[in-house]
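Survey of secondary and tertiary structure
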Amino acid sequence: MKFLFVVAFVAATITAVSALPVDEVPAAVENVAVVNMRKATSTKHPKTTSTSKSQPTSTKPSGKVFSGDGTYFTPDTGACGKRNKSSDLIAALNKPQYGNVDKKSPECGKCALVKGPLGQVKVQIVDACPECKFGSLDLSPTAFEKIAKKKDGRVKITWTYTSC
């Protein structure tokens, strides 16, 4: 009885897999003999990777340069759940890139190299900035002073993800 169940399950899996386009074959069935009505062949499907919005982004530097406004704020307990001080080199990420500001984002804990009018600073993303536009970062006062004069309040910045 168990043998018949296994045969039926394998046959159903082969039928279902052979109906999928090649780029949609799950990695778990990459070494299955695919039965085609014209001829039977053994096909090894190459592993494919797909990206979806729900998956966390890679922590490796992407090389993509973002631009926006750099501002500063007085840190406390951030959206990522960690308590911070003004002297920490940290940033709050804009809402479009952070995601749902009521939850911990996959961006939490990543580092960014921020360049401004007076220099650059490496910061860790520990909070969300709900009012910031795409590409903008809200920095701790200490981080902001590494790239601009505090009296400026808002400056143009560019930044990239970098290793921590």
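Here we summarise the structure given alongside this text. All values derive from a computational prediction rather than experimental measurement. (Residues numbered from 1 in each chain as written. Predicted model: local features only at pLDDT ≥ 70, side-chain atom pairs only at ≥ 80, totals over all residues. Heavy atoms only, no water.)

Some details on the sheet that holds strand E8 (residues 155-162)
The pairing of strands in a sheet happens through backbone hydrogen bonds and is either parallel or antiparallel. Pairing is mixed in the closed barrel, where six strands are placed in the order E3-E7-E4-E6-E5-E8. Each neighbouring strand pair of the sheet contributes to a mean axis angle of 45°, computed without reference to strand direction. Across three bridges, the pairing between strand E3 (residues 66-72) and strand E7 (residues 137-139) is parallel. By the bridge assignment, Thr 71 is partnered in E7 with Asp 138. (Pairing = 2+ DSSP bridges. Helix = DSSP H or I, 4+ residues; strand = E, 2+ residues; numbered from the N terminus. Axes fitted to C-alpha atoms, helices over the stretch in contact; angles between N-to-C directions.)

What about the state of the cysteines?
Under the definition given, this model contains three disulfides. Here Cys 80 connects covalently by a disulfide to Cys 108, the sulfurs 2.0 Å from one another. In this structure the cystine formed by Cys 80 and Cys 108 twists about its S-S bond by roughly -80°; its chirality is therefore left-handed. Of this pair, Cys 80 sits in the loop between E3 and strand E4 (90-94) while Cys 108 is found in the loop between helix H2 (95-98) and strand E5 (111-116), placing the two residues 28 residues apart along the sequence. Assigned by exposure class, Cys 80 and Cys 108 land together as buried. The side chain of Cys 129 participates in a disulfide bridge whose partner is Cys 132; the two sulfur atoms lie 2.0 Å from each other. Its torsion about the S-S bond being 65°, the disulfide of Cys 129 and Cys 132 is classed as right-handed. (Disulfide = S-S within 2.5 Å. Buried < 20%, exposed > 50% of the residue type's maximum accessible area, 1.4 Å probe, protein only.)

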